[in-house]
Amino acid sequence: MKIIILGAGKVGKALTQQLANEDYDVVIIDLDGEKVEQIVDQFDVLGIAGNGATFDILQEAEVSEADIVIAVTDSDELNILAGLMAKKMGATNTIARVRNPDYLKQRSFMRDQLGLSMIINPELEAANEIRRILLFPAAFKVDTFVGGKIELAEFRLTEKTKLNGVPLYSLTTISKTNVLICAVQRGEELVIPDGDFVLAKGDRIHVMGEHRDLVRFCQDIGLFEQKTKRIIIVGGGRIAFYLARQLTEHGIQVKIIENNPQRCLELSRKLPDTMIIESDGSEEEVLIEEGIENVDALVALTGLDEENIVISLYGKQMHAKKTVAKVTRMNFSQVLDQLEIDSVISPKGIIATHILRYVRAKSNKDDDSSVKTLHKLVNDEIEAMEFVVTEHTCFVNKRIAEMNLKDNILIAAISRERGFVIPKGDTVIHLKDHMVIITTDKKICSLNDIIRR
């Protein structure tokens, strides 16, 4: 597949790295020739310096032969224009990053009437992820599959949890819920565990199940926390706007601390049910005055990664039950794992994963059996993917024990009309089953790819 990426910023660079690693034919375009040259040298891709929304540059990139054009420049309008021009010039699929909330209601129009294949808003997607985390207080990360029917939640085992020293084969003696522990991170070690694996304090476990079972599982092992009622958000940018609007709909009290007076006025008009405080949320006195000791969660969403990290660490010190930090640069993700920040959100990582799922789906000729959902776990070392079983799947009506699975593949969950199934060796795969696969293999595009041939 030939993929053209417009914009050599953080998202463009992250996409180029992932797609080049998966052997796609990538062309990167940006006005900044120095950025283009750096990416070309680093990832061995083609590069063009110029305006990706102009006819000449798109023609030079041979856009008519492109399978997918991805526009992720800093300008929404340029991304939309480039997507429209690429489509008119013969590109098969076009993706545009559109961040302005004013364009949110026009997404379906842009897709259906203008012909853009996908409109993606990183701030909205980041807000969605933070909302899921805050509505499930015990979890550090929550990913969803099958339209929200199945969740994959990450928990950290503390000294209070009842799983310390427990082998997985005896998990049912502690909790009889229908869940599966499908991955464990222990320090820098990553394990897809078997029944003999013994859990320990400090482990970060990834658990698959339906929401009600995951909540009951937390109660059984001693991880359950009270429902989130009060939240402070530091930073009044787009993510804060989307997040506050979503949380107030759930009846949660939200307070946004923002130091820009003009932005405060704008937020107060758009969010009548949210308290807007004009002040510097990075100052200790301000956080104490606004009641940090009594909040259920502190969310740091300023424009500076370092400031978000420090605010979150201070919040933890002041006994905020949950802290969430937005971190754009993920090159020190392993360091962040050692800090007492409950959840770290990377908008660029979220958008890159969404686009990667779309690319993999389009690289599969049988669209019905292509990847439906894709989430990256444990610093992108593991992928959790949802597929639908079709007549093209080579193991329909077979038992899992009969399937010759590749190494490092785990069938973590099956969702069908009659409910959720934790797979076992004698589980039979049926047509239209939704299967969730956990793997370290980064080149799985269809269900048939999980079988040795």
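So, how was this worked out
Residues numbered from 1 in each chain as written. Predicted model: local features only at pLDDT ≥ 70, side-chain atom pairs only at ≥ 80, totals over all residues. Heavy atoms only, no water. Helix = DSSP H or I, 4+ residues; strand = E, 2+ residues; numbered from the N terminus. Rg over C-alpha atoms; globule rule 2.2 N^0.38 Å. Buried < 20%, exposed > 50% of the residue type's maximum accessible area, 1.4 Å probe, protein only. Disulfide = S-S within 2.5 Å. Phe/Tyr/Trp six-rings, centres within 6.5 Å; stacked < 30°, edge-to-face > 60°. Lys NZ or Arg CZ within 6 Å of the ring centre and 35° of its normal. Axes fitted to C-alpha atoms, helices over the stretch in contact; angles between N-to-C directions. Parallel < 35°, antiparallel > 145°, perpendicular 65-115°, else oblique. Left-handed = near helix turned anticlockwise from the far one by under 90°. Contact = heavy atoms within 4.5 Å. Nonpolar A, V, L, I, M, F, W, Y, C, P; charged D, E, K, R; others polar. Expected span 1.5 Å × (residues − 1). Pairing = 2+ DSSP bridges. Core = buried A, V, L, I, M, F, W, Y, C linked by side-chain atoms within 4.5 Å.

S.K.: Explain the overall build of the protein residue by residue, including any values.
M.R.: Broken down by element type, the protein carries 13 helices and 22 strands. In summary, the protein has a C-alpha radius of gyration of 23 Å against a globular reference of 22 Å for 453 residues, a match within 12%. Projected onto the principal axes, the alpha-carbon positions of the protein cover approximately 65 × 65 × 40 Å. For the protein, the residues scored as buried account for 55% of the 453 residues in total.

S.K.: Before we move on, can you summarise the state of the cysteines with the specific residues and values?
M.R.: Counted according to the given criterion, the structure contains 0 disulfides. Not engaged in a disulfide, the cysteine Cys218 finds its nearest cysteine sulfur in Cys182; these two sulfurs lie 14 Å apart.

S.K.: Provide a residue-level description of the packing of aromatic side chains, including the pertinent values.
M.R.: The full count for this structure, using the stated rule, is 3 aromatic pairs. Here Phe155 and Phe217 contribute two aromatic rings whose centre-to-centre distance is 6.4 Å and whose plane-to-plane angle is 50 degrees, an arrangement assigned as tilted. Taken as a pair, Phe155 in strand β8 (residues 150-156) and Phe217 in helix α7 (residues 211-221) lie far apart in primary sequence, 62 residues in all. Both residues of the pair, Phe155 and Phe217, belong to the buried class. Each member of the aromatic cluster is reached from another via a ring pair, and the members are Phe136, Phe155 and Phe217. One Lys or Arg, Arg156, reaches over the ring of Phe140 and ends 4.8 Å from the middle of that ring. The residue whose ring lies beneath Arg204 is Phe140, and the NZ or CZ to ring-centre distance is 5.1 Å.

S.K.: Can you explain the packing of helix α6 (residues 122-135) against helix α8 (residues 238-249)? Please cite residues and give values.
M.R.: At a minimum axis distance of 8 Å, the contact between α6 and α8 shows a crossing angle of 45 degrees. One finds that α6 runs oblique with respect to α8. Viewed along their axes, α6 and α8 form a crossing whose handedness is right-handed. From α6, Glu123, Leu124, Ala126, Ala127, Asn128, Ile130, Arg131 and Leu134 reach across to α8, where they touch Arg238, Ile239, Tyr242, Leu243, Gln246 and Leu247. For the contact of α6 with α8, a count of residues per class yields 9 nonpolar, 2 polar and 3 charged.

S.K.: Just give me the short version of helix α13 (residues 347-363), but keep the residues and values in it.
M.R.: Between its terminal C-alpha atoms α13 stretches 25 Å, which fits the 24 Å expected from 17 residues at 1.5 Å a residue. All of the buried residues along α13 are Pro347, Ile350, Ile351, Ala352, Thr353, Ile355, Leu356, Tyr358, Val359, Arg360 and Ala361.

S.K.: Just give me the short version of the pairing of β8, but keep the residues and values in it.
M.R.: Most of β8 is tucked away, with 6 of its 7 residues classed as buried. Hairpin connection between strand β7 (residues 141-145) and β8: a loop of 4 residues separates the two successive antiparallel strands, and Val146 in this loop has a positive phi of roughly 50 degrees. Of the pairings in the sheet, the one linking β8 to strand β11 (residues 204-209) comprises 6 bridges and is antiparallel in character. Within the sheet, the bridge partner assigned to Arg156 lies in β11 and is Arg204.

S.K.: Before we move on, can you summarise the sheet that holds strand β4 (residues 68-71) with the specific residues and values?
M.R.: Read across the sheet, 6 strands follow the order β3-β2-β1-β4-β5-β6 without closing on themselves; strand pairing throughout is parallel. Each edge of the sheet is formed by a strand with only one pairing partner; in this case those strands are β3 (46-49) and β6 (118-120). For this sheet, the mean inter-axis angle between neighbouring strands, taken without regard to orientation, is 15 degrees. Across 4 bridges, the pairing between strand β1 (residues 2-6) and β4 is parallel. Residue pairing across strands places Leu6 opposite Ala71, the latter belonging to β4.

S.K.: Tell me what's going on with the side chain of Thr94, and back it up with residues and numbers.
M.R.: With respect to the element layout, Thr94 can be found in strand β5 (residues 93-97). Classification of Thr94 as buried rests on a relative accessible area of 0%.

S.K.: Now, about the nonpolar core: what can you tell me, with residues and values included?
M.R.: Counting residues in hydrophobic clusters, the biggest one holds 47 residues, and the most contacted among them are Ile5, Leu19, Ile70, Ile355, Met403, Met435 and Ile450. The contact partners of Ile5, leaving out residues within four places of it in the chain, are Gly12, Leu15, Thr16, Leu19, Val26, Val27, Ile28, Ile29, Ile70 and Val72. Counting residues in hydrophobic clusters, the runner-up holds 28 residues, among them Ile130, Ile233, Ala240 and Tyr242.

S.K.: Report on the sheet that holds strand β20 (residues 409-416), specifying residues and quantitative values.
M.R.: Taking strand neighbours across the sheet as the criterion, the 5 strands line up as β18-β19-β22-β20-β21 in an open arrangement whose pairing is antiparallel. Strand pairing shows two members of the sheet lacking a second neighbour, β18 (373-377) and β21 (419-421), which therefore form its edges. Sheet twist, expressed as the mean angle between neighbouring strand axes with direction ignored, is 20 degrees. Relative to strand β19 (residues 382-388), β18 runs antiparallel, the two sharing 5 bridges. Note that in β19 the partner of Leu377 across the bridge is Ile382.

Function cannot be inferred from these measures alone, as they are strictly geometric.
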